[in-house]
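Next come the chains, spelled out residue by residue.
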Amino acid sequence: MKTNSDSPIYLRELEKKDLSQLNSWRNDKKLLDQLGNNFLFISGAVDEVWFDNYLQSREKTVRLAIILKERDLYIGNVNLTSIHPINRSAEFSLMIGEEVYRGKGIGLLATRIMLQHAFEDRGLNRIHLDVLKENTAALKLYEKAGFKREGVKRQDIFKNGTFHDVVMMSQIKEEFSHPL
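All values reported here derive from a predicted model rather than from experimental measurement.

Caption draft 1: Seen up close, the pattern of salt bridges. Tallied over the full model, the rule gives nine salt bridges. For Asp 165, the salt bridge identified is with Lys 133, shortest N-O distance 4.0 Å. One end of the pair, Asp 165, is in strand β7 (residues 162-172); the other, Lys 133, is in the loop between β5 (126-132) and α5 (136-144), with 32 residues separating them in the sequence. Owing to a relative accessible area of 21%, Asp 165 belongs among the partly exposed residues under this scheme. Of the residues examined, Lys 133 reaches a relative accessible area of 44% and is grouped as partly exposed. Between Lys 153 and Asp 156 there is a salt bridge, with the nearest N and O atoms lying 3.9 Å from each other. Taken together, the shared-partner salt bridges in this structure form one network comprising Arg 12, Glu 15, Lys 17 and Asp 18.

Next comes the structure, spelled out in structure tokens:
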């Protein structure tokens with residue numbers, strides 16, 4: 001994937017060595033409260049099986065680690081899942097696991113790199129995502145990256161004793177104009 005040489009990050013495929021850190025994020029209730037995932041206790045063994053399943057389905061899934069160049073530090077993930085070869089579409093997700101790196105433009109940069117990969121390297125035409133309506137930081141990031149709002153799934157997710165609305169967004173290849 002192309003990145004600017006002075007980019008603070010690079011992306012690489014998720015590796016087994018990342019699972020311990022990923023598992024800590026997947027068990028961080030504060031982090032998951034901002035995302036569409038429900039909080040579940042996830043053991044390391046469950047994540048190992050999840051990773052092995054990923055390795056068997058790489059034609060339908062791209063899971064990349066976001067690495068901070070200066071420290072070679074794994075700080076989050078960016079994913080394309082449910083890749084559909086006929087419709088040439090996929091679902092997008094992003095997680096900056098390390099709180100200190102949120103709100104610094106890294107998520108936007110990782111999103112743009114992944115979109116470029118999706119449209120140029122994978123030949124996809126449509127990328128879609130769901131985001132909690134109250135996650136205004138994520139909504140702004142995705143809009144800045146070129147995603148358009150398509151609608152709202154009312155009371156779609158149950159978290160912390162209440163139902164939450166989810167905003168549906170997408171971007172199509174002809175709208176992508178964020179070269180790196």
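So, next bit.
Caption draft 2: Molecular detail of the pairing of strand β6 (residues 148-159). In this structure, β6 lies alongside β7, joined through eight bridges in antiparallel fashion. Pairing of Arg 149 across the sheet is with Met 169, part of β7. The hairpin formed by β6 and β7 contains two residues between the paired strands, and Asn 160 there has a positive phi angle of roughly 50°.

What counts and how
Residues numbered from 1 in each chain as written. Predicted model: local features only at pLDDT ≥ 70, side-chain atom pairs only at ≥ 80, totals over all residues. Heavy atoms only, no water. Salt bridge = Lys/Arg side-chain N within 4 Å of Asp/Glu carboxyl O. Helix = DSSP H or I, 4+ residues; strand = E, 2+ residues; numbered from the N terminus. Buried < 20%, exposed > 50% of the residue type's maximum accessible area, 1.4 Å probe, protein only. Pairing = 2+ DSSP bridges.

No statement about biological role is implied by the geometric values presented.
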